[in-house]
Amino acid sequence: MAEDDKQQQDNEILLLQGMYPEEFYWIEKQESKNLKQCPKFGIRLTSDYALTITLPPGYPSVELPRMFLECGETVARTEREKLRAEVKSELDKFQPGFPLLDTLIPTISSLLPCKPSEQGAKQDTTPQVGNSATCQQTISRAVIWSHHIRSPHKRRDIVTWSKELRLDGFSRPGWPGAVIVEGDQRNVHEFIVRLKGLTWQALQVRGEESGTERLLEGGGKGVTEVEAIGEIVTGLKECRAGPAEGQRLAEWFLEEMKIK
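Residues numbered from 1 in each chain as written. Predicted model: local features only at pLDDT ≥ 70, side-chain atom pairs only at ≥ 80, totals over all residues. Heavy atoms only, no water.

**Remarks on the nonpolar core**
As a reminder, the rule being used: What is meant by a nonpolar core is a set of buried Ala, Val, Leu, Ile, Met, Phe, Trp, Tyr and Cys residues, joined one to another through side-chain atoms within 4.5 Å. Burial classification: accessible surface area is computed with a 1.4 Å probe over protein chains only, and a residue below 20% of its type maximum counts as buried, one above 50% as exposed, and the rest as partly exposed. We call two residues contacting when some pair of their heavy atoms lies within 4.5 Å.
Leu51, Ile53, Leu69, Leu101, Ile105 and Phe191 are the most contacted members of the largest nonpolar core, which totals 45 residues. Setting aside its immediate chain neighbours within four residues, leucine 69 contacts Leu45, Tyr49, Ala50, Leu51, Leu83, Arg84, Val87 and Leu112. Counting residues in each nonpolar core, the second largest holds 18 residues, with Leu215, Leu236, Trp252 and Phe253 among its members.

**Some words on the sheet that holds strand S5 (residues 139–146)**
Selection rule: Only when DSSP finds a minimum of two bridges between them are two strands counted as paired. In this text, helices come from DSSP runs of H or I with a minimum length of four residues, and strands from runs of E with a minimum of two, each type numbered from the N-terminal end. Axis definition: a line fit to C-alpha positions, over the contact stretch in the case of helices; interaxial angles, taken between N-to-C directions, run 0 to 180 degrees.
Reading across the sheet, the five strands line up as S8-S5-S7-S6-S9 and stay open at both edges, with mixed pairing between neighbours. Either end of the sheet is taken by a strand with one partner, and the two such strands are strand S8 (203–211) and strand S9 (222–225). Averaged over neighbouring strand pairs, the angle between their axes works out to 20° when direction is ignored. The sheet contact formed by S5 and strand S7 (residues 177–184) spans eight bridges and is antiparallel. By the bridge assignment for S7, tryptophan 145 is matched with alanine 178. Together, strand S6 (168–172), S7 and S9 form the strand contacts of helix H4 (residues 152–164), whose direction differs from that of S9 by roughly 145°.

**So, the confidence of the model for the protein chain**
In plain terms, the rule: For every residue, the pLDDT score states the predictor's confidence, bounded by 0 at the bottom and 100 at the top.
Of all residues in the protein chain, 88% attain a pLDDT of 70 or more, and the chain-wide mean is 85. Contacts from residues 116–135, a stretch scored under 50 in pLDDT, to residues over four places away or in other chains number 31 contacts.

**Concerning the sheet that holds strand S1 (residues 24–28)**
Ordered by their spatial adjacency, four strands build an open sheet running S1-S2-S3-S4, and the pairing between neighbours is antiparallel. What marks the edges here is a single partner per strand, and that holds for S1 and strand S4 (66–71). Pairs of neighbouring strands in the sheet enclose a mean axial angle of 25°, with direction left out of account. As defined by bridge partners, strand S2 (residues 40–44) adjoins strand S3 (residues 49–54) across five bridges and the pair is classed as antiparallel. If you follow phenylalanine 41 over to S3, its bridge partner there is isoleucine 53.

Right, here's the structure in full:
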């Protein structure tokens, strides 16, 4: 395993632990000096499903992660086969070259059936794998860092895609490039997939949070391009949720961008 791959794996695992603090669990943790050992962990998606993930030595530069959907005993065999095929199909849409789990896991989670109630379900003798699924709309916010954003084509795509996907937020071209978006969780993750499909010197999803309400102004009309990081901070402080929440968003953005 190259040192750069190991560093990117470590960074992505930290990001996933932040995104899924209750759902993340280790299966086989990599020893700090053993570069040949493959980290293996799981993400509990619902009470019936968990995703086990192994990061091979060449991930993300030349290999894709290995993924397997664990299913509870109450899930029918045909349903298991169908969902596992869909997981493979989603993974096959990616090419090696960049970290992808922060985008792929929410997409896989959205494929799973949503139970209206857990009452009356048969008792499962396997360990429960969480209860994070919900049938209501989930609003996500994501902070995206880039080494730089200079290309007029990329700047246009960021604005155009955010309008198409009914997102709000801000985009700051230059060095470093910064984008923060808010909207329906599936649309936010689709936006990230599209961005990662472009060619970048470096691009990372630095942070993500979810809720049930939109906090930013705009009504899904797309991101606003600004000239300075400070303009993003000001825009977040003036969010529709009020000064206290605006201050929290601004501090969260600066922290994820590693700007003090």
